[in-house]
Each structure stands twice: as C-alpha cells, then as structure tokens.
Amino acid sequence: MKPFLCLVACTALLSGACQRPTTNETGKSAAEESRNRPIAGILGAKPSQAVSAPQAAAGPRVTGGNAPVRRVLDPPFKSTEVARFNQPWAMVFLPDGRLLVTEKQGRLRLIDVASGAIGEISGVPAVAYGGQGGFGDVVLHPQFASNRLVYLSYAEQGSGGMRGAAVARAALNLEPGSNNGSLSGLQVIWRQVPKVGGENHYSHRIAFDRNGKLFISSGERQQFAPAQDMQSNLGKIVRLNADGSIPTDNPFHSQGGVAAQVWTLGHRNVLGLAFDAQGRLWEHEMGPMGGDELNLIERGSNYGWPIVSNGDNYDGSVIPDHPTRPEFNAPEAWWTPVIAPAGFIIYSGDLFPFFRGNGFIGGLASQALIRIEFNGVQGHEARRYPMGQRIREVEQGPDGAIWLLEDGSSARLLKLTPNYG
C-alpha cells in the first residue's frame, strides 16, 4: 500500500487558480465541487518542499554547447494558436508530423500543423453523442509505420437507451496530396459491460506500454457499485493484447469472463493515462465533490471507489477518506478544490530539457496546465499555469513542443514552445 500524501493549502504559487470560479466536467463550479476543506493546492508537497514565487519566476538556466546561458522566463512557454476545432477530445501525431484530432460529435480530423490545413478521415464508427459521450481517444499502434493501425474509443449506443464505451481499431488510409483519408477494416475489440443508462463517466482513455499491451480506462458510468464488481468491467483499468485478446498473465485471468480483462479496479472516471520512462503507468481521475486523484497503477490493486474517496458525494453525504481504509491503494496526490483533470503526458522531449520526466495535466475546472514532479513512485503538483480556458487534451509533439486542445466549440489548438529571455 502506498503512503498517503496529504496536501497543503493553495498558495500564491498557484497564481490564484484555486479561487477561479470555473466549472468542471459536469458543469459544477469549482466551489460546488469542493468541501472547502483547508487542504489542496501543492499536491503531496510539504511546505518546506514548495518552490517560492521568486525562485519560480527566476526559472532554470539553459545552455547548449558554447552558446550563452539563456534564462527561462515565467511562464516558461509561449503559446501559439494553430487551428480551431469543434468540441475536440483527443489528438495524436502521425510519423509525418500531421495531427489526428477527434471531435466529440463523431468526426476525425487531420491537420497539417505547418500550414494549418485541415481535412477529414471518413469511415469512423457511429457515436452516441451527448453529455460526456461521443468520440473519444485516438492512439497509434506501436508498429503503425508498418501496419497503419489506429485505435479509437467512443460512446456506443445500445438497446433501450443504454450506452457504453467501445474501442475499435482500423487501418488508416491517407490520400496523397491532401489531408483527407479513410478508415478500413474497422473492428471493435473491446466494450464496456454492461451498457447502462446515462451519458457520463465513460473514461475510455487508451495507452500502449513498451511491450505492446493495450491499457483502457473504463469509467464507472456514475453507477458507483460496479467499480467493485468483478462481473463488470466498469470502474476498471483493463489490459489487453493489441488484437483485443486477453493476456494470460493478467492478475484476475483465472476468474474468467470480464474479470480476466481487469488490471486494476475501484476507479471512478479516469481521463488520463501515461507511462513514465521506467515503464510505470500513472493515471488521474475525477473525484466526486472534491478528491481528484493522481495514482500510480499497480497490478491487481484496488483503488477504493466508491468505498473511499478524499471527496464527498454531491448530495453532501460523507465518503470515508482513504486513510480510514488502508487496504485500498491511496492516491499519490489529490486535489480539493478539484482541478477536473483531462489529458496527460509525461514529458520526454528535448525542447524543454528542464521539464524532462515531469507530467502535464490539462485542467477543465482549473482552466490551467498543471505540472507534476515525480520522485520515483511519488508525485506532487509543482506548478499551475493559468491558461484562461478549459484544457481538454495535452500531447507532446515530434519536436518536443507541448500541444494543448481547449474544450468546447471553437476550441483552440495551441503549441507551447520555450519562453527564453
């Protein structure tokens, strides 16, 4: 069981982001989401560990060979708008430098980020659009250069108004000389079981590990109890082979059925998956009224939802906090008031050498980019950069730039590059 890491109160280091009256994924204000506890802000960091504002403003010094020392300004990046999209949700770069972007209503767009020209990929699956549902994640197969396979997640309509997340894969066929193309051989390789009513908490983030195994976050669809029910894959992180088959070394494989898919359980709404340089999987998930979490994912572990949480229910009823049930895996860091996290990378590029190994989380309610520092199997919020808009997605570009997608209609695609003095 991991050590429970408490939070200190919001400080000036956060540039006032915790007090911003913004809304989260469900449209609740940050104040409504919070229990107004005297905690949160610098995640997992003791007061002695926090960087003072003058230190942060000074920034790191960067050199390159015989080049003169350059001072990184505060903020450490400058932002350039590249394009706009209608309700974008996820993005991934192709080997040629172009960018695939999903839009929730069911469109897969392809943009040449150098020219700003945008086309469309046809042949996408039908999506159940509404609430938090619609088109979701997009990732490339680890051998995309040879097999052209892309993986897509989306909300799928069932019978009687029931819905659930699904993941499909298909070959991407690009038209020469344009930003258009099509998908062929679409195959659904995973579905949430069972489909339920409602339009929220699909999660359906996708990530491949270094061994080519496929990890999918499956939200509990605001149904609470299924997160602890091994007859359902809701409220779980599942692990599959790239073709959708189930690895025999999964922790619950011997139980058969959907339990065989499960890697971890006890999750609420996981909207970020990222592997660090050591191959460890990290995730973040939305808490209820308070208690957004950053977790290190450990094989076969139970993270406690809905039995424990560092937030409470929206009706005001109290949920026991993690320290009361040490048998459950406690978060490495947590937020009250919430940040409403969405999108997640662990930076590995060269353009921001001083950020290598740091995590970056998009904030919806917090309208910010949240930087995470890791220390082995621990993590804490190091800095919060106000962006003035809800941030839906974060991606690392081929040259090491950090790319953001805002949330909503006419959402900007932003490229972040170093801000040197």
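For the structure, see preceding data.
Anyway, here's the lowdown on the structure attached to this text. Every chain is numbered independently, its residues counted from 1 as its sequence is written. In view of the model being predicted, local features appear only for residues whose pLDDT reaches at least 70, and side-chain atom pairs are presented and counted only at 80 or more, with totals across whole chains, interfaces and linings using the full set of residues. With hydrogens and water set aside, each side-chain value is computed from the structure's full complement of heavy atoms.

1. Re the side chain of K236
Structurally, K236 can be placed in strand β13 (residues 236–240). Summary of the burial criterion: residues with accessible area below 20% of their type's maximum are buried, those above 50% are exposed, and those between are partly exposed, where the area comes from a 1.4 Å probe applied to protein chains only. When charges are counted, neither His nor the chain ends are considered; positive counts come from Lys and Arg and negative counts from Asp and Glu. By convention in these notes, a salt bridge is any Lys or Arg side-chain nitrogen within 4 Å of a carboxyl oxygen on Asp or Glu. In this structure K236 is buried but unpaired, with D229 as the nearest side chain of opposite charge at 6.3 Å. Under the rule applied, a polar contact is a pair of N or O atoms within 3.5 Å (in protein, one hydrogen donor and one hydrogen acceptor; residues adjacent in sequence only if both atoms are side-chain atoms). At a separation of 2.7 Å, a polar atom in the side chain of K236 contacts the main-chain carbonyl oxygen of P226. Every residue pair with non-hydrogen atoms within 4.5 Å of one another is taken to be in contact. Those residues in contact with K236 that sit more than four places away from it in its chain are I216, S217, S218, P226, A227, Q228, D229, M230, V262, T264, L265 and H267. By the criteria applied, helices consist of DSSP H or I runs no shorter than four residues and strands consist of E runs no shorter than two, each listed in order from the N terminus.

2. Points about the sheet that holds strand β18 (residues 333–335)
For two strands to count as paired, DSSP must find a minimum of two bridges between them. Read across the sheet, four strands follow the order β15-β16-β17-β18 without closing on themselves; strand pairing throughout is antiparallel. Each of the sheet's edge strands pairs with one partner strand only, and the pair in question is β15 (270–275) and β18. Pairs of neighbouring strands in the sheet enclose a mean axial angle of 20°, with direction left out of account. Pairing of strand β16 (residues 281–285) with strand β17 (residues 292–297), which is carried by five bridges, proceeds in the antiparallel orientation. Across the sheet, residue W282 finds its bridge partner in β17, namely L296. Axis definition: a line fitted to C-alpha atoms, limited for helices to the stretch in contact. Angles are taken between N-to-C directions and run from 0 to 180 degrees.

3. Quick notes on the packing of aromatic side chains
Working definition: an aromatic ring pair is given by the centre-to-centre distance plus the angle between the planes. Two rings belonging to Phe, Tyr or Trp (six-membered ring only in the last case) form a pair when the distance between their centres is within 6.5 Å. Interplanar angles under 30 degrees mark stacking, angles over 60 mark edge-to-face geometry, and anything in between is tilted. In total, this model carries 12 aromatic pairs according to the counting rule given. Aromatic side chains F215 and F275 sit 5.6 Å apart centroid to centroid with 70° between the ring planes, which places their arrangement in the edge-to-face category. On the criterion of sequence distance, the pair formed by F215 in strand β12 (residues 214–218) and F275 in strand β15 is long-range, its members being 60 residues apart. Note on F215: relative accessible area 4%, which makes it buried. Members of the aromatic cluster, each reached through a chain of ring pairs, are Y347, F352, F354, F355 and F360.

4. Structural notes on the nonpolar core
Formed by 28 residues in total, the largest nonpolar core has its most connected members in L100, L172 and L183. For this core, the secondary-structure elements that each account for two or more residues are β3 (88–93), β5 (107–111), β7 (135–140), β8 (149–157) and β9 (163–174). The dominant element in this core, judged by the number of residues it contributes, is β9, at four residues. If near-sequence neighbours (up to four positions away) are discounted, L100 is found in contact with A90, M91, V92, L94, L108, R109, L110, I121, V138, L140, V150 and L172. The term nonpolar core refers to a set of buried residues drawn from Ala, Val, Leu, Ile, Met, Phe, Trp, Tyr and Cys, joined through side-chain atoms within 4.5 Å. Core analysis: the second largest hydrophobic core is formed by 17 residues, A165, I189, L214 and L240 among them.

5. Thoughts on the environment of T324
Summarising the element assignment, T324 is placed in the loop between β17 and β18. Between the C-alpha atom of T324 and that of S309, which follows or precedes it by 15 residues, the distance is 9.9 Å. Among the polar contacts listed, one links the side chain of T324 to the backbone oxygen of D321, at a separation of 2.6 Å.

6. Some words on the sheet that holds strand β11 (residues 203–208)
Taken together, four strands build an open sheet; the order of strands is β11-β12-β13-β14 and the sheet is antiparallel. In this open sheet, the two edge strands, each paired with only one partner strand, are β11 and β14 (262–265). Put simply, the sheet's adjacent strands are angled 15° from each other on average, direction ignored. Relative to β12, β11 runs antiparallel, the two sharing four bridges. Paired with S203 across the strands is S218, a residue of β12.

7. Side note on the pattern of salt bridges
Inspection of every chain in the model, using the stated rule, returns 20 salt bridges. In this structure, D249 and R239 form a salt bridge, with 2.8 Å as the shortest nitrogen-oxygen distance. Separated by 10 residues along the polypeptide, D249 in the loop between β13 and β14 and R239 in strand β13 bring together distant segments of the chain. Residue D249 is classed as partly exposed on the basis of its relative accessible area, which comes to 43%. Shared partners join several salt bridges into a network, and the residues in it are D137, R205 and E393.

8. Section: unusual backbone geometry
Glycine aside, residues mostly have negative phi, and peptide bonds are mostly found in the trans state. V193 connects to P194 through a cis peptide bond whose omega is 0°. Along the chain, P194 falls in the loop between β10 (181–191) and β11. In this structure, the amide linkage connecting W305 to the following residue, P306, adopts the cis form with an omega of 0°. For Q87, which is not a glycine, the phi torsion comes out positive at approximately 55°. The backbone phi angle of H204 is positive, close to 35°, even though this residue is not glycine. Considering the arrangement of structural elements, one finds H204 in strand β11.

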